[in-house]
Amino acid sequence: MDFQKAAEQFVELMKEQAARCERMKAQKDFVDYKSKDKIVIGICGGDGIGPFITAEARRVIEVLMKDEIVQGKIELHDIEGLTIENRIAVGKAIPDDVLAELKACDVILKGPTTTPDASAGGVNIESANVAMRRELDLFANMRPVKIPEQGIDWTFFRENTEGGYAIGSKGINFDGFAVDFAVTSDEGTDRIARLGYEFAKNNGKTRVSIVTKANVIKATDGKFLSRAMEIGKEYPGITTDSWYADIMTAKLVDEKRRRDFQVIVLPNLYGDIITDEAAELQGGVGTAGSANIGKRYAMFEAIHGSAPRMVEDGRAQYADPSSIMRAAAMLLRHIGYGERAAKFDEALDICLEEKKYVLTGRSDGATGAQFAEYVIGKLEQLL
Ligand code: IPM
Ligand code: MG
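My aim in this report is to walk through the structure given alongside it, one point at a time. (Residues numbered from 1 in each chain as written. Chains lettered and ligands numbered in written order. Predicted model: local features only at pLDDT ≥ 70, side-chain atom pairs only at ≥ 80, totals over all residues. Heavy atoms only, no water.)

### Section: the overall build of the protein
Scanning the protein from terminus to terminus reveals 15 helices and twelve strands. On C-alpha atoms alone, the protein measures out to a radius of gyration of 21 Å, which is about the 21 Å that the 2.2 N^0.38 rule sets for 383 residues. The C-alpha extent of the protein, read off along each of the three principal axes, is 65 × 55 × 45 Å. Burial analysis of the protein (383 residues in total) assigns 52% to the buried set. Across the protein, contacts joining residues at least 24 apart in sequence account for 74% of those joining residues at least 6 apart. Total accessible area on the protein stands at roughly 17,700 Å², and carbon and sulfur atoms take up 51% of it. (Helix = DSSP H or I, 4+ residues; strand = E, 2+ residues; numbered from the N terminus. Rg over C-alpha atoms; globule rule 2.2 N^0.38 Å. Buried < 20%, exposed > 50% of the residue type's maximum accessible area, 1.4 Å probe, protein only. Contact = heavy atoms within 4.5 Å. Areas by Shrake-Rupley, 256 points an atom, 1.4 Å probe, with all protein chains shown as cover.)

### Quick notes on the packing of aromatic side chains
Here a ring pair, both rings aromatic, is described through the centre-centre distance and the interplanar angle of the planes. Summed over the entire model, instances satisfying the criterion amount to ten aromatic pairs. Measuring from ring centre to ring centre gives 5.9 Å for phenylalanine 3 and phenylalanine 174, while their planes differ by 45°; the resulting arrangement is tilted. Of this pair, phenylalanine 3 sits in helix 1 (residues 3-26) while phenylalanine 174 sits in the loop between strand 6 (172-173) and strand 7 (178-179); the two residues are 171 residues apart in sequence, bridging distant segments of the chain. The class for phenylalanine 174 is buried, based on a relative accessible area of 17%. Centroid distance phenylalanine 30 to phenylalanine 139: 6.1 Å. Interplanar angle 45°. Geometry classified as tilted. (Phe/Tyr/Trp six-rings, centres within 6.5 Å; stacked < 30°, edge-to-face > 60°.)

### Structural notes on the pattern of salt bridges
Under the definition given, this model contains 34 salt bridges. For glutamate 126, the salt bridge goes to arginine 134, with nearest N and O atoms at 2.7 Å. One salt bridge in this structure joins lysine 233 and glutamate 230, with 2.7 Å as the shortest N-O distance. For glutamate 230, a relative accessible area of 45% gives the class partly exposed. Within this structure, Asp186, Asp190, Lys223 and Arg227 form a network of salt bridges that share partners. (Salt bridge = Lys/Arg side-chain N within 4 Å of Asp/Glu carboxyl O.)

### A few points about the environment of leucine 266
Residue position: leucine 266 is located in strand 10 (residues 263-266). Remark: the alpha-carbon pair of leucine 266 and alanine 178, spanning 88 residues in sequence, is separated by 26 Å. Contacts of leucine 266, omitting those with residues within four sequence positions, involve Phe156, Phe157, Arg158, Glu159, Val211, Phe224, Gly271 and Ile274.

### Describing the site of ligand 1
Residues in close proximity to ligand 1 include Thr115, Ser127, Asn129, Val130, Arg133, Arg143, Arg158, Tyr165 and Asp272, which together make up its full environment. Between an oxygen atom of ligand 1 and a side-chain N or O atom of tyrosine 165, the distance comes to 2.6 Å. Out of a free accessible area of 320 Å², ligand 1 has 77% covered by protein chains. Ranked by residues supplied to the shell around ligand 1, first place goes to helix 7 (residues 128-135) with three residues. Of the residues contributing to the shell around ligand 1, the split by class is two nonpolar, three polar and four charged. (Near = heavy atom within 4 Å. Polar contact = N/O pair within 3.5 Å; in protein donor to acceptor, adjacent residues only side chain to side chain. Nonpolar A, V, L, I, M, F, W, Y, C, P; charged D, E, K, R; others polar.)

### A few points about the nonpolar core
Leu109, Leu332 and Ile335 are the most contacted members of the largest nonpolar core, which has 66 residues in total. In terms of residue count, helix 13 (residues 322-334) provides more of this core than any other element does, eight residues in total. If we skip the residues at most four places from it in the chain, leucine 332 touches Ile61, Leu64, Met65, Tyr337, Gly338, Ala341 and Phe344. Within the second largest apolar cluster, 19 residues are counted, among which are Leu82, Ile108, Leu136 and Leu138. (Core = buried A, V, L, I, M, F, W, Y, C linked by side-chain atoms within 4.5 Å.)

### What about the side chain of glutamate 126?
Assignment of secondary structure puts glutamate 126 in the loop between helix 6 (118-121) and helix 7. For glutamate 126, a relative accessible area of 16% translates into the label buried. Of the polar contacts made by the side chain of glutamate 126, one reaches the side chain of arginine 134; its length is 2.7 Å. Look past the residues within four positions of glutamate 126 in its chain and what remains in contact with it is Arg87, Ala93, Ala131, Arg134 and Ser169.

### Comments concerning the packing of helix 14 (residues 338-354) against helix 15 (residues 368-382)
Contact geometry of helix 14 with helix 15 gives a least axis separation of 9 Å together with a crossing angle of 125°. When the axes of helix 14 and helix 15 are compared, the pair comes out oblique. At the point where helix 14 passes helix 15, the crossing takes the right-handed sense. For the pair helix 14 and helix 15, the contacting residues are Lys343, Phe344, Glu346, Ala347, Leu348, Ile350, Cys351, Leu352 and Glu354 in the first and Phe371, Tyr374, Val375, Lys378, Leu379 and Leu382 in the second. Its residues assigned to classes, the contact of helix 14 with helix 15 comprises eleven nonpolar, no polar and four charged. (Axes fitted to C-alpha atoms, helices over the stretch in contact; angles between N-to-C directions. Parallel < 35°, antiparallel > 145°, perpendicular 65-115°, else oblique. Left-handed = near helix turned anticlockwise from the far one by under 90°.)

Here you go:
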């Protein structure tokens, strides 16, 4: 066992993290989209069913934002090449040319991307999602879950760049055991907590729940909990409570208690797991959209995967675009078109309720294109 080599690797990782913390502190405030003459929306299909469903969401955006596109206030910029084949070919989570194109946009609509699992095929390429969140510093993963008939209206603020994800691909393998790292920083915690509380304040919410395992994971989760509680003190009208991730997971299926939760702030990994649970309660991960927000960039995506099997079976055209459409509505809201985003959501709600076209993922159901036309038809009645 080479302790010396491991120690050197550790020092490198710590230096990278220290530098990241400095960059976070130096960051300016959130970009103001209103002050921009033009907003560039990157449309990045990803792979698997990604390009299919993303194209359908793009068509709806084109209809909704027709005037702004003609006036040059909004530009849709297609970004290709974020595919598993290209990523394996260059051995990078995001090929350099794709990253440069992403960085030339203001906001991005992203289809799912296949994440290679090193244990399965020997390729240890980082997830494109994780890399994009880090490269564009998209520190907040906002995931709303609503089940109106049950009084459920939750908004999750998942920290999106730290915890087990910060250096998740750089663990150390010894003979007989392996070590991974989790990182929680002051600035990283403060900014996600503040975003959660600001959202609560601006949306009439009265309660923020902080979720950790600070009873066991003492350094990182301990920091997350104590700093988030400190931020909470700046918001006197809002009650803060602390939950451990295990009991929070249970309480979300407790029909007597779950409607009491409003805004939930959590570190990365618990947020990953618990938001899937919450989305499932709403009707499945395919029904939820997800916003990845940073100060300079923001990226919006479906929370489901790339379903490569559907493509292999020749069923990609039957993939359900409703999750990426929700993400597209969130994108429009984020850049200041809240009213049109609401219409988009309303049209989608009507179509999912009315069920004239139902997607089953197979040829006995509608195609994504038929569904998009259905949504566009409804939208035209609402506009
Ligand atoms: C998500 C996904 C990703 C994550 C995967 C694809 C790496 O599950 O966006 O929740 O773990 O964050
Ligand atoms: Mg997930």
